[in-house]
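# An overview of the molecular structure
Listed here are the chains, written in short residue letters.
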Amino acid sequence: MDTQETSPSVLLFFNNERFIFNAGEGLQRFCAEHKIKLSQVDHICLTRVCSETAGGLPGLLLSLAGIKNGSPESTEHVDIWGPPNLDLLVNAMKNFVPHATMVKAHIIPRSDNVMVHGNGAALASSLHAEELQAEGKFKAVSISAILLTPTHLDGSHFSSNDTSIVYICNLHDIRGEFDPRKAKACGLKKGRKLGQLQNGISVKSDLLDIEVHPDDVIGPPIPGPIVLIVDCPTEPHAQELLSAQALNAYYSDSQSNSQETTKVVNCIIHLSPATVVSSPVYEKWMRKFGSAQHIMARTTRKHETTPILESSARIATRLHYLCPQLFPAPSLFSVQNDDVAAPNFKGSISKVCGISAENLLKFTLRPPRRLGLDRSSVQNRMTSSVFVKELLSEIPEIADAAKNISTFWHKPKEDEADLFTRQDSEVMTGDPSLAGHAAPRCLDNVQRDDLEIVFLGTGSSIPSKYRNVSSIYFNLFSKGGLLLDCGEGSLAQLKRRYGINGADSAVRNLKCIWISHIHADHHAGLARILALRRDLLKGVPHEPMLVIGPEQVGEFLKDYKKLEDLDMLFLDCRSTTVAKWDDMEADSIFDKDHQMSSEGMNDESRDHSVLTCLSEDSSLLRCSKRMKPSTPVDDIKLLKHFKKVLSEAGLVRFISFPVVHCPGAFGIILESAERMNCGKVVPGWKVVYSGDTRPCSEVIEASLGATILIHEATFEDGLLEEAITRNHSTIKEAIEVGRSAGAYRIILTHFSQRYPKVPALDEVSMQRTCIAFDLMSVNLADLQLLPKVLPYLKLLFRTME
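Reading the values: the criteria
- Residues numbered from 1 in each chain as written.
- Predicted model: local features only at pLDDT ≥ 70, side-chain atom pairs only at ≥ 80, totals over all residues.
- Heavy atoms only, no water.
- Helix = DSSP H or I, 4+ residues; strand = E, 2+ residues; numbered from the N terminus.
- Buried < 20%, exposed > 50% of the residue type's maximum accessible area, 1.4 Å probe, protein only.
- Areas by Shrake-Rupley, 256 points an atom, 1.4 Å probe, with all protein chains shown as cover.
- Pairing = 2+ DSSP bridges.
- Axes fitted to C-alpha atoms, helices over the stretch in contact; angles between N-to-C directions.
- Contact = heavy atoms within 4.5 Å.
- Parallel < 35°, antiparallel > 145°, perpendicular 65-115°, else oblique.
- Left-handed = near helix turned anticlockwise from the far one by under 90°.
- Nonpolar A, V, L, I, M, F, W, Y, C, P; charged D, E, K, R; others polar.
- Phe/Tyr/Trp six-rings, centres within 6.5 Å; stacked < 30°, edge-to-face > 60°.
- Salt bridge = Lys/Arg side-chain N within 4 Å of Asp/Glu carboxyl O.
- pLDDT = per-residue confidence, 0-100.
- Patch = residues over 30% accessible without salt bridge, like charges linked within 9 Å, V, L, I, M, F, W, Y side chains within 5 Å.

A few words on the overall build of the protein chain. When you go through the protein chain residue by residue, the secondary structure sums to 26 helices and 31 strands. Out of the 801 residues belonging to the protein chain, those deemed buried represent 55%. Carbon and sulfur atoms form 52% of the exposed surface of the protein chain, whose accessible area is close to 35400 Å².

Listed below in structure tokens is the structure:
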């Protein structure tokens, strides 16, 4: 069982079959951390279809496609089971999951048997269990599903997309044991007939004139254990669950059931939120079972200090010990879900044996002698102090290194002789490419509440136990925040950086989200962030979130919105290029001038006036083309709204530019407004993010004079050919782009997941370069000191393979 940061996932493993129930974000990282192989997964069962339960599904499918060498000609596929809206998700994923033929969606139909009350109001239907019919059926288990779709009798508003599923997993019975004494009494000798009896075939006795039946020599079959997986997101769902006739056979308190006919449920895994589990309706339903073990997967245990991802937490804690200024203390608390209160077990419900789930908690189903809970794999309690103790034992000199780093932040400015002044740099170097060593004017007396860049994910392709996939959070403090890319798990990373409440605040105050390109490692966490913002701002006046990205991302969101309202508007990256911003400004000027000069004219004279002006002035002729803007009218409206949003965020430029990676891939330029310092105008900062790209002139041009260039560096220098093949950059190439543009600081990110450590850098490169790690937080006020930390990071990672 994985109680990871969104909807918990349940893994059901048999010898030849593997089932996953729900695939929330973080599932792949969790499995990588704990060496759980997903390569043999054949069936994914969703209790609901939404970002909470299926946020990790796109990335999982892409990984399985790579593992299984999926191709359009491949006969291998992954079976996905879910409610009727599953087809909406599969259709949306086709926008970026290339191996669509690997997915075989199984829609579990609704029952049409709807009872109608005398007053015409629809009542809850008689809910029947629908058996999942796989090809050749499942080898070790039979699985049935009950659909829960709340009615509208209580005034609640539910749509067909609110359907949830209860899964009933019944392992096949085990044949009874053969009794040699009974066989001898029936006159049977050792030989072929004994095998036939064990296969269910009656035989003639060897010594007696009787026919021997299997039941004469074989004991009764051992019933297969039964597991229920229950997801009731709301109390109306729980009411539907209580009325489900298909579960009557499993109730020990049912008067219609005899002890012989009752199917004994061994384990019930509750994916329902704590507020629902503790409701009277849900408690009444739970009391219907006898000896079943209840496992509460959505409750948070108090004082939980064991991190979900131990390897990631260990690195984050080590980095914090070495340099807390760049690596704030990570939140090690298990971020399981949005429910922070445990269910209140009162009254008769206290008689039910219920426990809170833990990561890697197991319930053994076979062999029968081992039936029950198994905590052997549950993690030992880990704390920051444990990780620090390990570090000091492994690298004793790290304590002195941490003290040295702390002096950088406490050294008086007049003693910082090792930092070039702006004028000295120009005189000493004479090389514009080295001007990046000089502190730019935008850093003069910069305040710590101006800009903080938080790297939520610094890896590539798939999430790993050390690095999550791409996402960068721009914290503008009182002015809000921005997200550049939003890979799977971005929300969980925000929670690890800021805690649950802090992450909620960050999401609530986001100004916009920008996506660089269609690859899943850059946008698969988008729906989860948007869904949380929608819920946080429910009932509060607000504007929809503006998402900016390539056309393919817009197509995905358009299809996904049929499944789940994300409270957002989409703007194509092409509408935020320099040319499009210029078009919008020209359109606005032309429209304003045209409106002023046309006042008081009728239509005929107005048209004649325009034509006369056009014939006399060629510049106006060029402007005339903007009477029907090249930028769509809706995009112009969005851009005008976006300009207001940018102004509130203190930004004057937000420009997307094409890069060399895949069709529709972009980088971005962000520039802040000027400010006053001691009566003088100080220029704003400029940050450029390359997205995924080969080194190209577009990035160099965009980065000219940049305060910070954040550039992908997927491969080490020895893998140049692979970098070229995959349209990525090597570390050396990324640094050279920054040097050519004269960027003051170069921060490298998007490393191949094979590099958890600090890559090799020469002394020259180290003078302006920094290596990004997950949860690293770079404040604008600390830019001058950034390169000085790099040698100490090498010391920290010297023992890592």
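Quick look at the sheet that holds strand β31 (residues 777-779) now. Overall, mixed pairing links the seven strands, which are arranged β22-β21-β20-β19-β18-β17-β31 in an open sheet. Single-partner strands in this sheet number two, and they are β22 (568-572) and β31. Averaged over all neighbouring strand pairs, the angle between strand axes comes to 20°, with direction disregarded. Sheet contacts for helix α16 (residues 526-536): β19 (481-486), β20 (510-514), β21 (545-549) and β22; angle to β20, the most-contacted strand, approximately 160°. With respect to the sheet, helix α17 (residues 551-560) is in contact with β21 and β22, its orientation differing from that of β22 by roughly 155°.

Let us look at α17. The complete set of buried residues in α17 reads Val553, Gly554, Phe556, Leu557, Asp559 and Tyr560. Each element contacted by the buried residues of α17 is listed here: α2 (51-54), α4 (86-93), α16, β21 and β22.

In this section: the pairing of strand β18 (residues 471-475). Taken across its five residues, β18 has five buried, putting it largely inside the fold. When β18 meets β19, the two strands line up antiparallel, connected through five bridges. Bridging across to β19, Asn475 finds its partner in Gly481. Linking β18 back to β19 in an antiparallel pair, the connection comprises five residues, with Phe477 at a positive phi of about 60°.

When two helices pack together, their arrangement is captured by the angle between the axes and the distance separating the axes. As a packed pair, helix α11 (residues 310-322) and helix α26 (residues 786-796) sit with axes 11 Å apart at the nearest point and diverge in direction by 135°. Put simply, α11 runs oblique to α26. When you trace α11 past α26, the crossing you get is right-handed. Within the contact between the two elements, α11 uses Arg318, Leu319 and Leu322 and α26 uses Tyr792, Leu793 and Leu796. In the contact of α11 with α26, the residues fall into five nonpolar, no polar and one charged.

In the structure shown here, the tally under the stated rule is 13 aromatic pairs. Each ring, one from Phe21 and one from Tyr167, has its centre 5.3 Å from the other, and the planes form 65°; the classification is edge-to-face. Highlighted residues: Phe21 in strand β2 (residues 18-21) and Tyr167 in strand β8 (residues 164-171), separated in sequence by 146 residues. Tyr167 carries the same exposure label as Phe21, and that label is buried. Summarising the aromatic geometry, the rings of Phe773 and Phe797 are spaced 4.9 Å apart at their centres and angled 5° between planes, so their arrangement reads as stacked. Here Phe797 lies in the segment after α26 and Phe773 lies in the loop between β30 (769-771) and β31, a separation of 24 residues in the sequence. Exposure remark for Phe773: the relative accessible area of 3% places this residue in the buried category. Here a set of aromatic residues connected by ring pairs shows up, and it is made of Tyr251, Tyr282, Trp285 and Phe289.

What follows covers the sheet that holds strand β12 (residues 267-270). Read from one edge of the open sheet, seven strands run β6-β7-β8-β11-β12-β13-β14, paired in mixed fashion. Strand pairing shows two members of the sheet lacking a second neighbour, β6 (130-131) and β14 (354-356), which therefore form its edges. Lying on the sheet, helix α8 (residues 235-242) is in contact with β7 (141-148), β8 and β11 (226-230); it crosses β7 at an angle near 125°.

The next subject is helix α24 (residues 731-741). Side chains three or four residues apart in an α-helix point the same way, a direct result of the helix having 3.6 residues per turn. Counting buried positions along α24 gives eight out of 11 residues, so the element sits mostly inside the fold. Listing the buried residues of α24 in full gives Ile731, Glu733, Ala734, Ile735, Val737, Gly738, Arg739 and Ala741. Following α24 by one or two positions, Gly742 has its phi on the positive side, about 70°.

On to the pattern of salt bridges. One pass over the full model with this rule turns up 23 salt bridges. In this structure, the salt-bridge partner of Glu310 is Arg314, at a minimum N-O distance of 3.0 Å. With Glu310 and Arg314 both in helix α11, this residue pair falls four residues apart, about one helical turn. One salt bridge connects Arg739 with Glu736, and the closest N-O pair in it is separated by 3.8 Å. Of this pair, Arg739 and Glu736 both sit in helix α24, three residues apart, which is roughly one turn of the helix. Each member of the salt-bridge network shares a partner with another, and the members are Arg534, Asp535, Lys538 and Glu564.

Here we come to unusual backbone geometry. The omega torsion of the bond from Arg366 to Pro367 falls at 0°, within 30 degrees of zero and hence cis. Looking at where Pro367 falls in the secondary structure, it is placed in the loop between β15 (362-364) and β16 (372-374). One non-glycine residue, Leu360, lies in the positive phi region at around 70°. Within the fold, Leu360 resides in the loop between β14 and β15. At His750, a position not held by glycine, the phi torsion is positive, near 60°. For His750, the position within the fold is in the loop between β29 (745-749) and α25 (763-766). For His750, a relative accessible area of 3% puts it in the buried group.

Before going further, it helps to examine the side chain of Arg533. Mapping Arg533 onto the fold places it in helix α16. With residues near it in sequence (within four places) discarded, Arg533 still touches Val507, Arg508, Leu510, His542, Glu543, Pro544, Met545 and Asp567.

So, on to the environment of Leu38. In this structure, Leu38 sits in the loop between α1 (27-33) and β3 (43-45). When its relative accessible area of 11% is taken as the criterion, Leu38 is described as buried. Residues in contact with Leu38, not counting those within four places in the same chain, are Ile20, Gln28, Cys31, Leu60 and Leu64.

For any part of a model where pLDDT is low, the fine detail of the predicted coordinates should not be relied upon. Averaged over all residues, the pLDDT of the protein chain equals 82, while 79% of them reach at least 70. Across residues 333-351 the pLDDT falls below 50, and counting only partners more than four positions away or on other chains, this stretch makes 47 contacts in the model. This stretch, residues 416-436, has a pLDDT under 50; its non-local contacts, to residues over four places away or in other chains, come to 31 contacts.

The N-to-C vectors of α4 and α17 enclose an angle of 175°; their axes lie 8 Å apart at closest approach. Judged on the interaxial angle alone, α17 and α4 are roughly antiparallel. Contacts between α4 and α17 involve Leu89, Asn91 and Ala92 from the first element and Phe556, Asp559 and Tyr560 from the second. A breakdown of the residues in the contact of α4 with α17 according to their chemical character gives four nonpolar, one polar and one charged.

A few words now on a nonpolar patch on the surface. Residues Leu207, Leu208 and Ile210 make up a contiguous nonpolar surface patch of about 260 Å² in total accessible area. Mapped onto the elements of the fold, Leu208 is located in the loop between β9 (203-204) and β10 (211-212).

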